[in-house]
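Observations on the model geometry
The lines below spell out each chain.
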Amino acid sequence: MLPADIADQVRESDRQVIATKQAIMYEATRNFNGDTTLFLVNKFPMLDDDGNVFALGTIANDITKQREQERDVQAYRDQLAQAEAELQVTQRIQELLLPADDELDAIHGLDIASYMKPAEQVGGDYYDILLIGD
C-alpha cells in the first residue's frame, strides 16, 4: 500500500494522461526501508479504435545509480576545470620568469635565440640572463 501523498501523486499523473491522452515522463523519489530510490516514470494512454483511453501503461526505471554517477562525473569535471585554471596560472608564472626582451636588448653584443614549448602544460626549464662585469 502506498502512502497517501504518493498515492495522490500517482492518481494526479493518471488523471493528466487520461485528460490529455498524451504520454508523460517524470522523476519520482521513493523511500524503501530507509533508502531513497529515484525512478524515471513513463506513463502512457492505451487508446481504443475510437481514441478513448481504456487503460494506462506505466514503466518505471530505477535511475538512482545513474544520477549518482552523473553527480560524480560533474564533480570530476569541476576538479578538472580547477586543475586547468591552476595550470594556466602556473604557465603564466613560468612565462614571467623568462628574461624580458628589454633585459636582453640592454646587453650589447649579445646574440641569442631560444624557444620554449612545454612538453605538457608546464615545462621545467629555467632561463636567466646574468651580466657579469663588462
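Cut-offs and rules
Residues numbered from 1 in each chain as written. Predicted model: local features only at pLDDT ≥ 70, side-chain atom pairs only at ≥ 80, totals over all residues. Heavy atoms only, no water. Helix = DSSP H or I, 4+ residues; strand = E, 2+ residues; numbered from the N terminus. Buried < 20%, exposed > 50% of the residue type's maximum accessible area, 1.4 Å probe, protein only. Contact = heavy atoms within 4.5 Å. Areas by Shrake-Rupley, 256 points an atom, 1.4 Å probe, with all protein chains shown as cover. Pairing = 2+ DSSP bridges. Axes fitted to C-alpha atoms, helices over the stretch in contact; angles between N-to-C directions. pLDDT = per-residue confidence, 0-100. Salt bridge = Lys/Arg side-chain N within 4 Å of Asp/Glu carboxyl O.

1. Details of the overall build of the chain
Scanning the chain from terminus to terminus reveals 3 helices and 3 strands. In the chain, the succession of α and β elements from N to C terminus is α-β-β-β-α-α. Here the chain, with 134 residues, has 14% of them falling under the buried criterion. For the chain, the proportion of contacts with a sequence separation of at least 24, taken over those separated by at least 6, is 36%. On the chain, roughly 11000 Å² of surface is accessible, and the fraction owed to carbon and sulfur atoms is 51%.

2. Let's talk about the sheet that holds strand β2 (residues 35-47)
Taken in spatial order, the 3 strands line up as β1-β2-β3 in an open sheet, and their pairing is antiparallel. Two strands close off the open sheet at either side, each with one partner strand: β1 (24-32) and β3 (53-62). The average undirected angle you get between the axes of adjacent strands in this sheet is 30 degrees. As judged from the 9 bridges shared by β1 and β2, these two strands associate in the antiparallel manner. Bridge pairing in β2 links I24 to K43. Along the sheet face, helix α1 (residues 4-20) touches β1, β2 and β3 and points at about 165 degrees away from the line of β1. Lying on the sheet, helix α2 (residues 64-97) is in contact with β1, β2 and β3; it crosses β2 at an angle near 120 degrees.

3. Considering unusual backbone geometry
Positive phi values are uncommon outside glycine, yet K21 reaches one of about 55 degrees. Relative to the helices and strands, K21 resides in the loop between α1 and β1. Non-glycine residue N33 carries a positive phi angle of around 50 degrees. Structurally, the position occupied by N33 is in the loop between β1 and β2.

4. Some thoughts on the pairing of β2
Counted between consecutive antiparallel strands, the loop separating β1 from β2 contains 2 residues, among which N33 sits at a positive phi close to 50 degrees. Direction of pairing for β2 relative to β3: antiparallel, over a ladder of 9 bridges. Within β3, the position partnered with F39 by the bridge is D62. The hairpin formed by β2 and β3 contains 5 residues between the paired strands, and G51 there has a positive phi angle of roughly 85 degrees.

5. Some remarks on the confidence of the model for the chain
Overall, the predicted model of the chain reaches an average pLDDT of 87, with 90% of residues at or above 70. No element of the chain has a lower mean pLDDT than helix α3 (residues 101-105), at 80, and none a higher one than β3, at 96.

6. A look at the pattern of salt bridges
Note on pairing: side chains with opposite charge can pair once their charged atoms come close. Taken as a whole, this structure holds 5 salt bridges when the rule is applied. Ionic pairing is found between K43 and D14, a salt bridge with its closest N-O pair at 2.5 Å. With K43 in strand β2 and D14 in helix α1, this residue pair connects regions lying 29 residues apart in the sequence. With relative accessibility at 21%, the residue D14 sits in the partly exposed group. The partner of R67 in a salt bridge is E27, and the shortest N-O contact between them spans 2.1 Å. Here R67, found in helix α2, pairs with E27, found in strand β1; they are 40 residues apart in sequence, far enough to count as distant. Its relative accessible area of 43% is what places E27 among the partly exposed residues. Counted as one network, the salt bridges with shared partners bring together E27, R67 and E70.

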